[in-house]
Amino acid sequence: VLMQPFIWTVLLTTLVVFQPELRRGLMRLGETRWRRIRRSEIDRIARPIATACASLSKNKIGALIAIERDIGLSGLTDQGVRLDARLTADLLNTIFWPGSALHDLGVIVQHGRIAAAGCPFPLGDVEGMDRSIGSRHRAAIGLSLDSDAVVVVVSEETGSISISERGHLHRHILPENLLDELRRHLARTPGPEPEEAGAEAEEVP
């Protein structure tokens, strides 16, 4: 009888300590499937996102956009507002316009369409992370640690554009270079997680 409280204490402690790892495992369990973006689809996805982010960056409007790849993000789309809408720059600009009901959280792109908006992304909190970055950048890192999604961030404070992939944040991407950077990231086969997840990648000129 005395052992039961001790066992429950150990179980609860384990759940708390390993919460991030358990969450990532549950997200990935059974989600990996043949959803890899084909090369013919890359430009159709990358171009409207790059166009929207260039406009949002110019006006210093914050944005957070995740592009699903092999690991499904259905668990997050279920927590947001489902749209299943055609991916266009105008719609992205409308979603993130200040004052709109959905502008503070993330958009998820699935199969070349805007699957949902207003989605909460898990915040990254790993050793070595730059503590000066805001919640959007932490959310981008967090989701890219939990999945193989490519996540684009526009800073509300500076208008700076970043891409997060596998826990690495590629910062200060020029708007005119974003389309090529998105093409490169989306065309790349998702690889293993980096040894030091959350470390800042070399800045893209």
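Above this text you will find the structure in question.
About the thresholds
Residues numbered from 1 in each chain as written. Predicted model: local features only at pLDDT ≥ 70, side-chain atom pairs only at ≥ 80, totals over all residues. Heavy atoms only, no water. Helix = DSSP H or I, 4+ residues; strand = E, 2+ residues; numbered from the N terminus. Buried < 20%, exposed > 50% of the residue type's maximum accessible area, 1.4 Å probe, protein only. 1 Å grid on protein atoms, 1.4 Å probe; cavity = no way out; pocket = protein on both sides within 12 Å on 5 of 7 lines; lining within 4 Å. Points joined across faces, edges and corners; volume = space filled by probe spheres on them. Pairing = 2+ DSSP bridges.

Student: Explain the environment of R171 to me, please; I cannot follow it from the model alone.
Tutor: By the secondary structure assignment, R171 is in strand β7 (residues 168-173). Relative accessible area serves as the criterion here: at 16%, R171 is assigned to the buried category. Taking the C-alpha atoms as reference points, R171 and I161, 10 residues apart in sequence, are found 6.5 Å from one another.

Student: How do you make sense of the layout of surface pockets when you look at a structure like this?
Tutor: Where empty space is left in the structure can be found by rolling a water-sized probe over the atoms. Looking at the largest pocket, its volume works out to about 230 Å³. I133, G134, H137, S155 and E157 are the residues nearest the centre of the largest pocket, which is lined by 15 residues in total. Among the elements of the structure, α6 (135-146) and β7 are those that each provide at least two residues to the lining of the largest pocket. Sort the elements by how many residues they give to the lining of the largest pocket and α6 lands first, with 3 residues.

Student: Hey, could you run me through the pairing of strand β4 (residues 113-119) in this one?
Tutor: Every other side chain in a regular strand lies on the same face of the sheet, so the side chains alternate between the two faces. Of all the 7 residues making up β4, 6 are buried; the element is thus mostly covered by neighbouring parts of the structure. Pairing geometry for strand β2 (residues 81-86) and β4, over 4 bridges, is antiparallel. Across the sheet, the residue bridging to V81 is A117, located in β4. Where strand β3 (residues 106-110) and β4 come together, 4 bridges link them in antiparallel fashion. From the neighbouring strand, V109 faces β4, where its bridge partner is I114.

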